[in-house]
Amino acid sequence: AQSVTQLDSHVSVSEGTPVLLRCNYSSSYSPSLFWYVQHPNKGLQLLLKYTSAATLVKGINGFEAEFKKSETSFHLTKPSAHMSDAAEYFCVVSDGSSNTGKLIFGQGTTLQVKP
Amino acid sequence: DAGITQSPRHKVTETGTPVTLRCHQTENHRYMYWYRQDPGHGLRLIHYSYGVKDTDKGEVSDGYSVSRSKTEDFLLTLESATSSQTSVYFCAISETSGGPRGNTQYFGPGTRLTVL
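The structure contained in this document is the topic of the report that follows. Only a predicted model underlies this, so the values are computations on that prediction, with no experimental measurement involved. (Residues numbered from 1 in each chain as written. Chains lettered and ligands numbered in written order. Predicted model: local features only at pLDDT ≥ 70, side-chain atom pairs only at ≥ 80, totals over all residues. Heavy atoms only, no water.)

## A look at the pattern of salt bridges
Phase 1 of the analysis: Here the structure, examined in full by the defined rule, presents 7 salt bridges over all chains.
Phase 2 of the analysis: Ionic pairing is found between A:K78 and A:D85, a salt bridge with its closest N-O pair at 2.8 Å.
Phase 3 of the analysis: Note on A:K78: relative accessible area 7%, which makes it buried.
Phase 4 of the analysis: Overall, the relative accessible area of 4% leaves A:D85 in the buried class.
Phase 5 of the analysis: Close ionic contact of B:K70 with B:D73 constitutes a salt bridge, the shortest N to O distance being 3.3 Å.
Phase 6 of the analysis: Judged by relative accessible area, which is 9%, B:D73 ranks as buried.
Phase 7 of the analysis: Through salt bridges with shared partners, a single network forms among B:R22, B:K70 and B:D73. (Salt bridge = Lys/Arg side-chain N within 4 Å of Asp/Glu carboxyl O. Buried < 20%, exposed > 50% of the residue type's maximum accessible area, 1.4 Å probe, protein only.)

Shown next as structure tokens:
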């Protein structure tokens, strides 16, 4: 069965410092992996996705993530945090066991950015 | 942004009353999904649809039903609302179920439901 674990429920950084949000996954199939961001009282926006092409995936707003099969990880990074990055971030894996397009969500990581 | 709307955006209702939430898309995508979001649980799938009149259960389907009579509309019904169904409900759409492009889902703005 597919699953995803976000290793930190809350991350706090100072503006201008690097961001690292950690995600491990479990999948019996070649997975598709996603990061979504949710700003307060908003819907979810796709940041980036991995679908078996390049292992280093670049997304919007300067975020990127690296797929590491040996470590079953898909960590999200950004070199320099902005105040506007404060939000909740979800790591997501596709349910490759069926042809239904179902996604499995991590529990989320809240990113706080301090001035 | 993908053309997805949800209505109503906010609703307060009483225990035992029926409630229907609507998701409308203008993208002509085949797949549609209903999720609920609760603190500490991320998003959990309630029901999904893989075509007109084709629906199936997700992981938290008890107490919910769905219908899809047109490609563009996917309705979620709480037959008899309970306080445990107080949540934020999100609709999502996807063009594919997988493959090289992946099953990217695009989300609506959400409906905040409070059951008193």
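Resuming the write-up.
## A look at the interface of chain B and chain A
Phase 1 of the analysis: With 22 residues of chain B in contact, the opposing surface of chain A contributes 22 residues.
Phase 2 of the analysis: Buried area between chain B and chain A, both sides added, is near 1700 Å², and the carbon and sulfur share of it is 50%.
Phase 3 of the analysis: Considering only the surface of chain B that becomes buried against chain A, B:L43, B:N103 and B:F107 emerge as the three largest contributors, covering 25% of it.
Phase 4 of the analysis: Across the contact surface, chain B and chain A share 0 salt bridges.
Phase 5 of the analysis: Here chain B is connected to chain A by 5 residue pairs in polar contact (both at pLDDT 80 or more).
Phase 6 of the analysis: Breaking the side of chain B that touches chain A down by element, the ones donating at least two residues are β4 (31–37) and β5 (43–51) of chain B.
Phase 7 of the analysis: Considering every element that reaches the side of chain B that touches chain A, the biggest residue donor is β4(B), with 4 residues.
Phase 8 of the analysis: Of the residues that constitute the side of chain B that touches chain A, the class distribution is 10 nonpolar, 10 polar and 2 charged. (Contact = heavy atoms within 4.5 Å. Buried area = accessible area lost by both parts, 1.4 Å probe. Polar contact = N/O pair within 3.5 Å; in protein donor to acceptor, adjacent residues only side chain to side chain. Helix = DSSP H or I, 4+ residues; strand = E, 2+ residues; numbered from the N terminus. Nonpolar A, V, L, I, M, F, W, Y, C, P; charged D, E, K, R; others polar.)

## Structural notes on unusual backbone geometry
Excluding glycine, most residues fall at negative phi; most peptide bonds, likewise, are trans.
Phase 1 of the analysis: Following B:S7, the chain continues into B:P8 via a peptide bond in cis, with omega recorded as -10°.
Phase 2 of the analysis: Its identity as a non-glycine residue notwithstanding, A:N41 has a phi of 60°, on the positive side.
Phase 3 of the analysis: You will see that A:T72, though not glycine, has its phi angle at about 45°, which is positive.
Phase 4 of the analysis: Inspection of the secondary structure assignment puts A:T72 in the loop between β8 (64–68) and β9 (73–78).
Phase 5 of the analysis: Classification of A:T72 as partly exposed rests on a relative accessible area of 32%.

## Looking at the nonpolar core
Phase 1 of the analysis: By size, the foremost hydrophobic cluster in this structure holds 26 residues, and its most contacted members are A:W35, A:L48, A:F74, A:L76 and A:Y89.
Phase 2 of the analysis: It is strand β10 (residues 87–94) of chain A that provides the largest number of residues to this core, a total of 4 residues.
Phase 3 of the analysis: Setting aside residues no more than four positions away along its own chain, A:L48 makes contact with A:L33, A:F34, A:W35, A:V57, A:K58, A:G59, A:F63, A:E64, A:A65, A:F74 and A:L76.
Phase 4 of the analysis: Counting 19 residues, the second largest nonpolar core, distinct from the first, contains B:C23, B:M32, B:W34 and B:V60. (Core = buried A, V, L, I, M, F, W, Y, C linked by side-chain atoms within 4.5 Å.)

## Things to note about the sheet that holds strand β3 (residues 19–25) of chain B
All names here are of chain B.
Phase 1 of the analysis: Taking strand neighbours across the sheet as the criterion, the 4 strands line up as β1-β3-β8-β7 in an open arrangement whose pairing is antiparallel. Of all strands in the sheet, those with a lone pairing partner are β1 (4–7) and β7 (64–70), marking the two edges. Sheet twist, expressed as the mean angle between neighbouring strand axes with direction ignored, is 20°.
Phase 2 of the analysis: Bridging between β7 and strand β8 (residues 73–78) involves 5 bridges; their strand directions are antiparallel. Within β8, the position partnered with S65 by the bridge is T77. (Pairing = 2+ DSSP bridges. Axes fitted to C-alpha atoms, helices over the stretch in contact; angles between N-to-C directions.)

## What about the side chain of B:H29?
Phase 1 of the analysis: Here B:H29 is to be found in the loop between β3 and β4.
Phase 2 of the analysis: Sequence-distant contacts of B:H29, defined by excluding residues within four places in its chain, comprise B:R68, B:T71, B:I93, B:S94 and B:E95.

## Remarks on the pairing of strand β2 (residues 10–14) of chain A
Residue and element names in this part refer to chain A.
Phase 1 of the analysis: Residues of β2 alternate between two faces, with V11 and V13 buried on one and H10, S12 and S14 left unburied on the opposite face.
Phase 2 of the analysis: Summarising the sheet, β2 and strand β12 (residues 109–114) pair through 5 bridges and their orientation is parallel. When the sheet's bridge partners are listed, S12 is paired in β12 with Q112.

## Focus on the packing of aromatic side chains
Phase 1 of the analysis: Per the stated rule, a full pass over the model turns up 15 aromatic pairs over all chains.
Phase 2 of the analysis: A ring pair is formed by A:Y25 and A:F67, whose centres lie 5.7 Å apart and whose planes are at 25°; its orientation type is stacked. Residue A:Y25 is located in strand β4 (residues 23–26), and its partner A:F67 is located in strand β8; the two are separated by 42 residues in the primary sequence.
Phase 3 of the analysis: By relative accessible area, A:Y25 is classed as buried at 8%.
Phase 4 of the analysis: On the accessibility criterion, A:F67 (9% relative accessible area) is buried.
Phase 5 of the analysis: Seen in terms of ring centroids, A:F90 and A:F105 are 6.2 Å apart; in terms of plane orientation they differ by 75°. Their pairing is edge-to-face. Of this pair, A:F90 sits in strand β10 while A:F105 sits in strand β11 (residues 103–105), placing them 15 residues apart in sequence. The same class applies to A:F90 as to A:F105, namely buried.
Phase 6 of the analysis: The rings of A:F34, A:Y36, A:F90, A:F105, B:Y33, B:Y35, B:Y48, B:Y50 and B:F107 are connected pair by pair, giving a single aromatic cluster. (Phe/Tyr/Trp six-rings, centres within 6.5 Å; stacked < 30°, edge-to-face > 60°.)

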